[in-house]
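# Summary of the model geometry
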Amino acid sequence: MIEIDSLQSLYDFRQSLNGTLGFVPTMGALHAGHLSLVEKSLSMTDHTLVSIYVNPTQFNQSEDLDKYPRTLDRDLELLKVAGCHAVLLPSENMLYPEGLKSRTFEFGTLAQEMEGNGRPGHFEGMATVVTKFFDLVKPDFAFFGEKDYQQLCIVREVVKQENWPVEIVPCAISREDDGLAMSSRNLRLTNDQRDSAGKINQIILDHIAALGPKDNIEAWERECAAALNAIPHLDTEYVMVCDTKRLLRVQNLDSSPTARVFVAVRCGKVRLIDNFPV
Ligand code: AMP
């Protein structure tokens, strides 16, 4: 596996390739969810490049940025074993030679609710770094997890608006045995908190099973949040049912049959997000 940490070595790598390039952007602390994206890229493309970069412009709380887990040696070992061809380890200066600034974008309704509402500047920072990567890496395919569903929709929108010649490939959510969505942030949970976080999945699935097409969604969201909050350590930021095209809240399932449930829950100091088809 080639390790790339300069613009020159990235250009040389790109020039040397014959065939298609798949790109998997990550912030490291890799787990089986990330590796499922790598496997998908390996199966669909001739070469796979994974980036590991904790992008400061998408963090609106510096504590979260400082505490973000960093496990580089282990990450490199996992990627090597997976058969990844190259890993990009960019310096801040390589991506942000003019300082840590985000571009502006027109996300429309896609960034209105959920993470767009709760984390100001998050998606601008994410889209800034993703477009910088697309510009440097020039991938044919880029792989994004449905775990960050709103991010996936926004990346697709930016690619469409700006005519990036890259195909965005969505990848299903990988979960632990108890259903907790895999996340680098799970490493920061204490054992007790981890037990509580493991209950989120079943509570949401049970509530979805009980949701009828004409039921009042707001009342359902409140009940679901109350059930989550009844578990020690859990503090719900939102439970929201949104349509999958515009990511706006729906009145009932009758009017929006392809809706998804989106949740953000604090578990101790760790903020967990997840989403579920209805
Ligand atoms: P991150 O390192 O958290 O920025 O994630 C890098 C990529 O991996 C993003 O496209 C995420 O959506 C994806 N990802 C993270 N966790 C999971 C998971 N549990 N299942 C599937 N994809 C994931």
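Here, every reference points to the structure presented above.
Residue indices begin from 1 for each chain and proceed along its sequence in written order. Given that the model is predicted, a residue must reach a pLDDT of at least 70 before its local features are reported, and side-chain atom pairs must reach 80 or more before they are shown or counted; all residues, however, enter totals for whole chains, interfaces and linings. The side-chain quantities take in all heavy atoms of the structure and omit both hydrogens and water.

### Notes on the layout of surface pockets
Put simply, the second largest pocket is a space of about 210 Å³. The way it works is a 1 Å grid over only the protein atoms, where trapped points that fit a 1.4 Å probe form a cavity and open points with protein on both sides within 12 Å along at least five of seven lines form a pocket, and then any residue with an atom within 4 Å of a point lines it. In terms of lining residues, the second largest pocket is bounded by 14 residues, among which Ile52, Tyr53, Val54, Arg70 and Leu72 are the most central. When grouped by side-chain class, the residues that make up the lining of the second largest pocket number 10 nonpolar, two polar and two charged. Grid points are joined across faces, edges and corners, and a volume is the space filled by probe spheres set on the points. In this classification, the charged set is Asp, Glu, Lys and Arg, the nonpolar set is Ala, Val, Leu, Ile, Met, Phe, Trp, Tyr, Cys and Pro, and all remaining amino acids, among them Gly, are polar.

### Examining the packing of helix H7 (residues 122–137) against helix H8 (residues 149–161)
Lines fitted to C-alpha atoms define the axes here, with helix axes fitted over just the stretch in contact, and angles between the N-to-C directions of these axes take values from 0 to 180 degrees. Each helix is a run of DSSP H or I of at least 4 residues and each strand a run of E of at least 2, with the numbering of both proceeding from the N terminus. Orientation of H7 relative to H8, taken along the N-to-C sense of each, is 50°, at an axis distance of 11 Å. When the interaxial angle is binned, H7 and H8 end up oblique. As for the relative orientation of H7 and H8, their crossing is right-handed in sense. The residues of H8 that touch H7, namely those facing Phe123, Met126, Ala127, Val130, Thr131 and Phe134, are Gln150, Gln151, Ile154, Val155, Val158 and Val159. Classifying every residue of the contact of H7 with H8 by side-chain character gives nine nonpolar, three polar and no charged. Note that the term roughly parallel is reserved for angles under 35 degrees, roughly antiparallel for angles over 145, roughly perpendicular for angles of 65 to 115, and oblique for everything else. Left-handed describes a crossing in which the near helix is turned anticlockwise from the far one by less than a right angle; the clockwise case is right-handed. Residues count as neighbours in contact if any of their non-hydrogen atoms are within 4.5 Å of one another.

### Topic: the site of the ligand
What surrounds the ligand is a group of 17 residues, the closest being His34, Gly145, Asp148, Ser174 and Met182. Distance and chemistry together define a polar contact, namely a pair of N or O atoms within 3.5 Å, with one atom able to donate a hydrogen and the other to accept it when in protein, and with adjacent residues in sequence counting only for side-chain atoms on both sides. Separating an oxygen atom of the ligand from a side-chain N or O atom of His34 is a distance of 2.9 Å. A distance of 2.8 Å is found between a nitrogen atom of the ligand and a backbone nitrogen or oxygen belonging to Ser174. All accessible areas in this document rest on Shrake-Rupley with a 1.4 Å probe, and a residue is counted as covered only by the protein chains that are shown. Protein burial of the ligand: of its 490 Å² of free accessible surface, 92% is covered by the chains. Proximity is defined per residue: if any heavy atom of the residue lies within 4 Å of a molecule or strand, that residue is considered near it.

### With respect to unusual backbone geometry
Excluding glycine, residues mostly carry a negative phi; peptide bonds, for their part, are mostly trans. At Ala29, a position not held by glycine, the phi torsion is positive, near 50°. Take Ala29: it is sitting in the loop between strand E2 (21–26) and helix H2 (32–44). For Lys138, which is not glycine, the phi dihedral falls at a positive 50°.

### A look at the pattern of salt bridges
In the sections that follow, a salt bridge refers to a side-chain nitrogen of Lys or Arg positioned within 4 Å of a carboxyl oxygen of Asp or Glu. The final tally for this structure, using the stated rule, is 14 salt bridges. With a shortest N-O distance of 3.8 Å, Lys160 and Glu157 are connected by a salt bridge. Remark: Glu157 and Lys160 occur in helix H8; sequence separation between them is three residues, near one turn of the helix. Relative accessibility under 20% of the residue-type maximum defines a buried residue, over 50% an exposed one, and the middle range a partly exposed one, all with a 1.4 Å probe and only protein chains included. Residue Lys160 is classed as exposed on the basis of its relative accessible area, which comes to 61%. Through salt bridges with shared partners, a single network forms among Glu115, Arg119, Glu237, Arg266 and Arg271.

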